[in-house]
Amino acid sequence: MKIGEKIKRVRLHRHMKQRELGELVGFTDGAANRIAQYESGFRVPKEDMVKKIAAALNVAECALLEPDTGNLEGIMETLFWLDEDMPDVLRCSLTMPFDKIQAEADSNIVPIIHTNARTSPFNAQPTMLWSENDLLNCLFNTYAVMQYRYHTGKITHEKYFEWKLQWSFGSTITHSSPLPKDIDALLQNSNED
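What counts, and where the lines are drawn
- Residues numbered from 1 in each chain as written.
- Predicted model: local features only at pLDDT ≥ 70, side-chain atom pairs only at ≥ 80, totals over all residues.
- Heavy atoms only, no water.
- Salt bridge = Lys/Arg side-chain N within 4 Å of Asp/Glu carboxyl O.
- Helix = DSSP H or I, 4+ residues; strand = E, 2+ residues; numbered from the N terminus.
- Buried < 20%, exposed > 50% of the residue type's maximum accessible area, 1.4 Å probe, protein only.
- Phe/Tyr/Trp six-rings, centres within 6.5 Å; stacked < 30°, edge-to-face > 60°.
- Core = buried A, V, L, I, M, F, W, Y, C linked by side-chain atoms within 4.5 Å.
- Contact = heavy atoms within 4.5 Å.
- Expected span 1.5 Å × (residues − 1).
- 1 Å grid on protein atoms, 1.4 Å probe; cavity = no way out; pocket = protein on both sides within 12 Å on 5 of 7 lines; lining within 4 Å.
- Points joined across faces, edges and corners; volume = space filled by probe spheres on them.
- Nonpolar A, V, L, I, M, F, W, Y, C, P; charged D, E, K, R; others polar.

A.B. asks: Honestly, the pattern of salt bridges in this entry has me stumped. Any pointers?
C.D. replies: Oppositely charged side chains are able to pair whenever their charged atoms sit close together. Evaluated as defined, the whole model comprises 7 salt bridges. Between glutamate 39 and arginine 11 there is a salt bridge, with its nearest N and O atoms 2.5 Å apart. Of this pair, glutamate 39 sits in helix 3 (residues 31–40) while arginine 11 sits in helix 1 (residues 3–13), and the two are 28 residues apart along the sequence. By the burial criterion, glutamate 39 is buried, and arginine 11 matches it. One salt bridge connects lysine 51 with glutamate 47, and the closest N-O pair in it is separated by 3.9 Å. Residue lysine 51 and its partner glutamate 47 are both found in helix 4 (residues 47–57); the two are separated by 4 residues, about one turn of the helix.

A.B. asks: Would you take a moment to explain the packing of aromatic side chains for this structure?
C.D. replies: Between two aromatic rings, the relevant description is the distance of the centres plus the angle of the planes. Applying the stated criterion to the full structure yields 7 aromatic pairs. Both rings, one in phenylalanine 80 and one in tryptophan 163, keep their centres 5.3 Å apart while their planes meet at 65°; by these two values the pair is edge-to-face. Residue phenylalanine 80 is located in helix 5 (residues 72–85), and its partner tryptophan 163 is located in helix 8 (residues 157–166); the two are separated by 83 residues in the primary sequence. A single burial state applies to phenylalanine 80 and to tryptophan 163, both of which are buried. Plain terms: the ring middles of phenylalanine 80 and tryptophan 167 are 5.4 Å apart, the flat faces sit at 80° to each other, and that makes the pair edge-to-face.

A.B. asks: I tried to follow the nonpolar core on my own but got confused; where do I start?
C.D. replies: General note: in soluble globular proteins, nonpolar side chains tend to be found buried as a group. Counting 21 residues, the largest nonpolar core has Ile7, Val10, Leu21, Ile53, Leu57, Val59 and Leu64 as the members making the most contacts within it. When residues of this core are traced back to their parent elements, those giving at least two are helix 1, helix 3, helix 4 and helix 8. Per-element tally for this core: the top contributor is helix 4, with 5 residues. Leave out the neighbours within four places in its chain, and leucine 21 touches Ile7, Arg11, Met16, Ile35, Ile53, Ala56 and Leu57. In terms of nonpolar packing, the next biggest core, distinct from the first, is built from 15 residues, Met76, Cys92, Tyr143 and Trp167 among them.

A.B. asks: Whenever I open this one, unusual backbone geometry confuses me. Can you help?
C.D. replies: Peptide bonds are trans in most cases, and residues, glycine excluded, mostly fall at negative phi. With a phi close to 55°, histidine 15 is a non-glycine residue in the positive phi region. Relative to the helices and strands, histidine 15 resides in the loop between helix 1 and helix 2 (18–24). Judged by relative accessible area, histidine 15 falls into the exposed class, the value being 72%. Phi is positive for asparagine 58, which is not a glycine, with a value near 60°. Locating asparagine 58 in the fold gives a position in the loop between helix 4 and helix 5.

A.B. asks: Would you mind showing me how to read the environment of leucine 79 here?
C.D. replies: Along the chain, the position of leucine 79 falls in helix 5. On the accessibility criterion, leucine 79 (16% relative accessible area) is buried. A sequence separation of 12 residues divides leucine 79 from proline 67, and the C-alpha atoms of the two residues are 9.9 Å apart. If near-sequence neighbours (up to four positions away) are discounted, leucine 79 is found in contact with Leu90, Phe140 and Tyr143.

A.B. asks: I would appreciate a short explanation of helix 7 (residues 134–151) in the present structure.
C.D. replies: What sets the pattern is the α-helix's 3.6 residues per turn: residues three or four places apart point alike. The terminal C-alpha atoms of helix 7 lie 25 Å apart, and with 18 residues this matches the ideal 26 Å at 1.5 Å per residue to within 8%. Counting buried positions along helix 7 gives 13 out of 18 residues, so the element sits mostly inside the fold. Just downstream of helix 7, glycine 153 is the residue with a positive phi angle, here 80°.

A.B. asks: Help me understand empty space enclosed by the protein in this model?
C.D. replies: Any empty space left between the atoms is revealed when a probe the size of a water molecule rolls over them. By the definition in use, this model includes 2 cavities of 30 Å³ or more. Surrounding the second largest cavity, Ala63, Glu77, Phe80, Trp81, Phe161, Lys164 and Leu165 form its lining. Those elements giving two or more residues to the lining of the second largest cavity turn out to be helix 5 and helix 8. For the lining of the second largest cavity, a count of residues per class yields 5 nonpolar, no polar and 2 charged.

Encoded structure:
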């Protein structure tokens with residue numbers, strides 16, 4: 001998704017008019033016109049303007065930028081915007097842990113994956129995506145919890161979208177944070193607002 005489309009989505013989420021946003025970032029004459037040009041892709045805001053727009057919209061700057069999929073933050077931002085662009089196309093699901101050592105020792109063992117998914121697409125076993133990076137898996141788990149809370153009605157779409165807009169790598173985990181050992185612990189922690 002292009003930066004202009006993101007600006008428009010966030011602006012509408014904030015119930016702001018183009019003129020209001022333009023004035024907040026310092027445009028006086030033609031404030032609405034300049035924001036409309038950004039949103040339509042006719043103009044692309046420069047780096048300093050992106051910072052001003054992000055501040056005016058109260059979002060992390062990375063939420064507006066084209067994601068760099070070469071880092072964990074960029075991967076998560078890509079998933080968040082994909083989720084907004086095509087809701088329910090990509091669903092995260094928490095799984096029950098299985099004994100990795102036993103599975104590696106006996107290649108005939110196929111782990112059974114129990115998920116919190118409501119449906120199975122095309123009446124087939126869903127494919128699981130994971131990473132060899134424990135930190136990325138922890139980020140996926142946090143995302144799965146928030147997605148689960150949204151799809152089960154525990155939070156509104158507005159709160160879910162707001163969480164994605166405010167998300168930052170540091171808000172999810174710190175280097176001293178332990179990885180959750182089970183789904184119940186992760187869900188328990190997610191109820192803390």
